[in-house]
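A look at the structure
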Amino acid sequence: MKFLRDLMDKQKPLFEKGGKLEKLYYAFEAGETFLFSPNHTTGIKGAQVKDAIDLKRMMITVVIAMIPCLLFGIYNTGHQHLLATGGTAGLWEDFGDKTLVGLKLVLPLVIVAYAAGGLVEAVFAVIRKHPINEGFLVTGMLIPLVVPATTPLWQVALATVFAVVIAKEVFGGTGMNILNVAMTARAFLYFAYPAQISGDQVWTYLGDKMPVDGFSGATALSVVYNAGVDGTQSAVEALAQHNTALGADLFSFTNLFMGWIPGSVGETSTLMALIGALILIGTGVASWKIIVSGFAGAYVMGFVMNLFAVNEYMALPPEYHWVMGGLAFGVVFMATDPVSASQTETGKWIYGLLIGMLTVIIRVTNPAYPEGIMLAVLFMNVFAPLIDYYVVKANKTRRLQRATV
């Protein structure tokens, strides 16, 4: 690392004031601070609270928490490919082949997302003459994890640029965004290119091979919805009997929880999302209140739907909503975004609860959006400031009443 440090120090005068590349200083500074700790301190005078955490360490912690989902997503992408094309039957058979297929599909998504988003960040840093923030370290990883592995790379790049510009930079950059940037990218793809991010044929990569007889690329949410429309069998029975050519337990509760199912790259495994949640909560980066209330809200609304069930989808056991689709991933990594989420402690309970409830409502009542977590998070992002406003107002009212008694 000393060689790299010496090289950076040798080139730095070119980018400093008066140098030939002065206008690109902040692009150079971004690379320097990414590789090394900043060599400057705050110029603010007065009392300060010193802490070991900074923005870079915070963002890196979130990225580390997503690694279980990323690694599982890579392997599951290859597993679903070989399973659908008759190349394997067991979970751990052909481990190397599955990993290679997954790497071939997922790594380009990650590289393109980081490249496109990083370019936008660098351009805005140069124009505004401010250092590049590390916020995109998280967004660049989130975007590939919330899309199918078959998503065209140019669409990933376009969605990333759109989300970074519209959802973040127009509001002032990192720490100023109202909407979750990664969810904005997914929403852009969903409405601009629905054929590549919805339906039954986008979740499993087939390549140039033919699927086995009886194969359907439908996700668990699609199967449950169709059961609700047909009404000939319960949602649980429909899950148990779907894709029997690939194994009768493909959509069992255990398999849904583990994540061995078709879906977006990083969203299928509730277990991996919970491991990430433990890392975020243990390091103090994410609010456990939002995560707990998010799962609670989904269960409560699932139970309410059971009470008024007029179709099999509404009669689905509430716990199934936890392990289907991207609810777990969305609650852990999207809803807990410290910028776009509620800031007050009471507001976090309300915010998370409403996200979980809205997710189930959207899933069950609106067939156009079988995955409700996307719209639920974006909708509650908009209302988070309003929640905090009324929480603070209620606190002031109570204190004034105590003071005047």
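Per an unreviewed UniProt entry, the recorded name for the protein is Na(+)-translocating NADH-quinone reductase subunit B, and the organism is Algoriphagus halophytocola. Reading the Function (unreviewed entry) entry of the UniProt record for the protein gives the comment "NQR complex catalyzes the reduction of ubiquinone-1 to ubiquinol by two successive reactions, coupled with the transport of Na(+) ions from the cytoplasm to the periplasm. NqrA to NqrE are probably involved in the second step, the conversion of ubisemiquinone to ubiquinol."

Moving on, we come to the overall build of the protein. When helices and strands are counted, the protein shows 16 helices and zero strands. Burial analysis of the protein (405 residues in total) assigns 49% to the buried set. In the protein, 70% of the contacts between residues at least 6 apart in sequence involve partners at least 24 apart. Entry remark: accessible area of the protein is about 19,200 Å², with carbon and sulfur atoms responsible for 66%.

What follows covers helix α6 (residues 153-168). Counted at 1.5 Å a residue, the expected span for α6 with its 16 residues is 22 Å, and the 22 Å between its end C-alpha atoms agrees. The inward-facing, buried residues of α6 abut α4 (95-128), α5 (136-145) and α7 (181-192).

One can find lysine 289 in helix α12 (residues 288-307). Of the polar contacts made by the side chain of lysine 289, one reaches the side chain of glutamate 345; its length is 2.8 Å. When neighbours within four sequence positions are excluded, lysine 289 is seen to be in contact with Glu345, Lys348 and Trp349.

This chain's UniProt record puts "modified residue: FMN phosphoryl threonine" (unreviewed entry) on Thr219. Relative to the helices and strands, threonine 219 resides in the loop between α7 and α8 (220-230). Relative accessible area serves as the criterion here: at 16%, threonine 219 is assigned to the buried category. Apart from residues lying up to four places away in sequence, threonine 219 is in contact with Trp203, Phe251 and Pro262.

Taking 1.5 Å as the rise per residue, α12 with 20 residues should run 28 Å; its terminal C-alpha atoms sit 29 Å apart, in good agreement. Taken residue by residue, α12 has Lys289, Ile290, Ile291, Ser293, Gly294, Phe295, Gly297, Ala298, Met301, Gly302 and Met305 as its buried positions. In this structure, the buried side of α12 is in contact with α11 (270-282), α13 (320-323), α14 (327-334) and α15 (345-365). Measuring from the side-chain oxygen of the N-cap residue of α12 to the backbone nitrogen of lysine 289 gives 3.3 Å; that N-cap residue is serine 287.

What follows covers the packing of aromatic side chains. Following the criterion strictly, the structure yields 17 aromatic pairs and no others. Pairing tyrosine 389 with tyrosine 390 gives two aromatic rings, centres 5.1 Å apart and planes at 80°, and the pair type is edge-to-face. A relative accessible area of 49% places tyrosine 390 in the partly exposed class. Each member of the aromatic cluster is reached from another via a ring pair, and the members are Phe72, Tyr75, Trp92, Phe95 and Trp260.

Another aspect to go through is the nonpolar core. Core analysis: the largest hydrophobic core is formed by 100 residues, its most contacted members being Met66, Leu256, Phe333 and Tyr351. Broken down by element, the residue count for this core peaks at twelve residues, all from helix α3 (residues 55-84). If we ignore the near neighbours within four places in the chain, the residues touching methionine 66 are Val138, Met141, Leu142, Leu145 and Phe333.

Once the charged atoms of two side chains with opposite charge are near each other, the side chains can pair. Using the criterion set out here, one finds four salt bridges in the structure. For lysine 348, the salt bridge goes to glutamate 345, with nearest N and O atoms at 3.2 Å. Taken together, the residues lysine 348 and glutamate 345, both in helix α15 and three residues apart, mark about one turn of the helix. When its relative accessible area of 40% is taken as the criterion, glutamate 345 is described as partly exposed.

The positions that UniProt labels "transmembrane region" (unreviewed entry) are, in the present scheme, residues 58-75, 105-127, 139-167, 260-281, 288-308, 320-337, 349-366 and 372-392. For the annotated span residues 58-75, helix accounts for 100% and strand for 0% of the residues, and the straight-line distance between the end C-alpha atoms is 27 Å. For residues 288-308, the helix share is 95%, the strand share is 0%, and the end-to-end C-alpha distance is 31 Å.

In contact at an axis separation of 9 Å, α3 and α5 are set at 20° when each is read in the N-to-C sense. Judged by the inter-axis angle, α3 sits roughly parallel to α5. For the pair α3 and α5, the sense of crossing is left-handed. Residues Met59, Ile60, Val62, Val63, Met66 and Leu70 of α3 form the contact with α5, whose own contacting residues are Leu137, Val138, Met141, Leu142 and Leu145. When its residues are assigned to classes, the contact of α3 with α5 shows eleven nonpolar, no polar and no charged.

Its location among the elements puts lysine 98 in helix α4. Despite its burial, lysine 98 pairs with no opposite charge, the nearest such side chain being aspartate 94 at 5.8 Å.

Glancing now at a nonpolar patch on the surface. A surface patch of nonpolar side chains, about 1,100 Å² in accessible area, is lined by Phe162, Ile166, Val170, Phe171, Met176, Ile178, Phe379, Val382, Phe383, Leu386, Tyr389 and Tyr390. Listed by contribution, the elements that provide at least two residues to the nonpolar patch are α6 and α16 (373-404). Among the elements that make up the nonpolar patch, the one with the highest residue count is α16 (six residues). In this fold, tyrosine 389 is placed in helix α16.

Here aspartate 230 shows up in helix α8. The spacing of aspartate 230 and asparagine 311 is 81 residues in sequence and 8.9 Å in space, taken between C-alpha atoms.

Cut-offs used in this document
Residues numbered from 1 in each chain as written. Predicted model: local features only at pLDDT ≥ 70, side-chain atom pairs only at ≥ 80, totals over all residues. Heavy atoms only, no water. UniProt positions renumbered as here; feature names shortened; annotations may be inferred. Helix = DSSP H or I, 4+ residues; strand = E, 2+ residues; numbered from the N terminus. Buried < 20%, exposed > 50% of the residue type's maximum accessible area, 1.4 Å probe, protein only. Contact = heavy atoms within 4.5 Å. Areas by Shrake-Rupley, 256 points an atom, 1.4 Å probe, with all protein chains shown as cover. Expected span 1.5 Å × (residues − 1). Polar contact = N/O pair within 3.5 Å; in protein donor to acceptor, adjacent residues only side chain to side chain. Phe/Tyr/Trp six-rings, centres within 6.5 Å; stacked < 30°, edge-to-face > 60°. Core = buried A, V, L, I, M, F, W, Y, C linked by side-chain atoms within 4.5 Å. Salt bridge = Lys/Arg side-chain N within 4 Å of Asp/Glu carboxyl O. Axes fitted to C-alpha atoms, helices over the stretch in contact; angles between N-to-C directions. Parallel < 35°, antiparallel > 145°, perpendicular 65-115°, else oblique. Left-handed = near helix turned anticlockwise from the far one by under 90°. Nonpolar A, V, L, I, M, F, W, Y, C, P; charged D, E, K, R; others polar. Lys, Arg positive; Asp, Glu negative; His and termini not counted. Patch = residues over 30% accessible without salt bridge, like charges linked within 9 Å, V, L, I, M, F, W, Y side chains within 5 Å.

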